[in-house]
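Notes for the structure review
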Amino acid sequence: MLILAKGIEDYMLPCLNKKYLGFECMGCGLQRSVALILKGQFVDAFIMYPAIYSIIALFGFIIINSFKNYKSGTTIITILAVANVAIIIGSFLLKLYFK
């Protein structure tokens, strides 16, 4: 896994929003955060992109729910999705105004 993490930076996509408009988008830092998780730098991954762990929880639950259909699975997915959107927008606004 560490070998994969070393070379992943070479294949990261640039943020076109940042390149052409001059400010970061709401997804800026996601790729680097995944690379940091693969390297085992979990705190740095959270600092880079605060929604990374809630996104992992959301997709993890979606995968588990597709195999074992929970009765309230749709409600849990909705709550996780709304929480993700709130975290992403909140961290974007904090980064935008306090950077």
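Residues numbered from 1 in each chain as written. Predicted model: local features only at pLDDT ≥ 70, side-chain atom pairs only at ≥ 80, totals over all residues. Heavy atoms only, no water.

A few points about empty space enclosed by the protein
Our working definition: Each cavity reported here is a set of points on a 1 Å grid over the protein atoms alone in which a 1.4 Å probe fits but cannot get out, each pocket an open set with protein on both sides within 12 Å along at least five of seven lines, and each lining residue one with an atom within 4 Å of a point. Grid points are joined across faces, edges and corners, and a volume is the space filled by probe spheres set on the points. When residues are sorted by character, Ala, Val, Leu, Ile, Met, Phe, Trp, Tyr, Cys and Pro go into the nonpolar class, Asp, Glu, Lys and Arg into the charged class, and all the rest, Gly among them, into the polar class.
In the structure shown here, the tally under the stated rule is one cavity of 30 Å³ or more. Here the largest cavity defines a volume of roughly 40 Å³. Lining the largest cavity are C25, M26, Y49, P50, S91, F92 and K95. Within the lining of the largest cavity, the residues separate by chemical class into five nonpolar, one polar and one charged.

Points about the layout of surface pockets
Heads up, the rule is: Secondary structure counts use DSSP, requiring at least four H or I residues in a row for a helix and at least two E residues in a row for a strand, with both numbered from the N terminus.
By volume, the largest pocket amounts to about 200 Å³. Here the element with the most residues in the lining of the largest pocket is helix α3 (residues 30-39); it accounts for three residues. Per-class residue counts for the lining of the largest pocket are seven nonpolar, three polar and three charged.

Concerning the environment of Y70
Where we set the bar: Contacts: residue pairs with any heavy atoms within 4.5 Å of one another.
By secondary structure assignment, the location of Y70 is in the loop between α5 (52-67) and α6 (73-97). A C-alpha to C-alpha distance of 18 Å links Y70 and I56, two positions 14 residues apart in sequence. When near neighbours in sequence (up to four residues on either side) are disregarded, Y70 contacts F61, I64 and N65.

So, the confidence of the model for the protein
The condition that has to hold: For every residue, the predictor states its confidence as a pLDDT score lying anywhere from 0 to 100.
Here the protein shows a mean pLDDT of 86. Residues at 70 or above account for 91%. Least confident of the elements in the protein is helix α1 (residues 2-7), whose mean pLDDT is 57; most confident is α5, at 95.

A short note on α3
Heads up, the condition is: Burial classification: accessible surface area is computed with a 1.4 Å probe over protein chains only, and a residue below 20% of its type maximum counts as buried, one above 50% as exposed, and the rest as partly exposed.
By the burial criterion, the buried members of α3 are S33, A35, L36 and I37. G40 occupies a position one or two residues after α3 and carries a positive phi of about 90°.

Here's the deal with the side chain of S33
Within the secondary structure, S33 is located in helix α3. Using a relative accessible area of 0% as the deciding quantity, one classes S33 as buried. Non-local contacts of S33, meaning those with residues more than four positions away in its chain, are made with A45, M48, Y49 and I52.

Re a nonpolar patch on the surface
In plain terms, the rule: Patch definition: residues above 30% relative accessible area lacking any salt bridge, with like charges linked at up to 9 Å and the nonpolar side chains Val, Leu, Ile, Met, Phe, Trp and Tyr linked at up to 5 Å. Here the Shrake-Rupley method, with its probe set to 1.4 Å, supplies the accessible areas, and only the displayed protein chains count as covering residues. We define a salt bridge as a side-chain nitrogen of Lys or Arg found within 4 Å of a carboxyl oxygen belonging to Asp or Glu.
A cluster of nonpolar side chains, namely L16, Y20, L21, F23, M26, V85, I89, L93, L94, L96, Y97 and F98, defines an oily patch on the protein surface of about 1300 Å² accessible area. Contributions of two or more residues to the nonpolar patch are made by α2 (16-21) and α6. Ranked by the residues each element gives to the nonpolar patch, the list is headed by α6, at six residues. As for its position among the elements, M26 is in the loop between α2 and α3.

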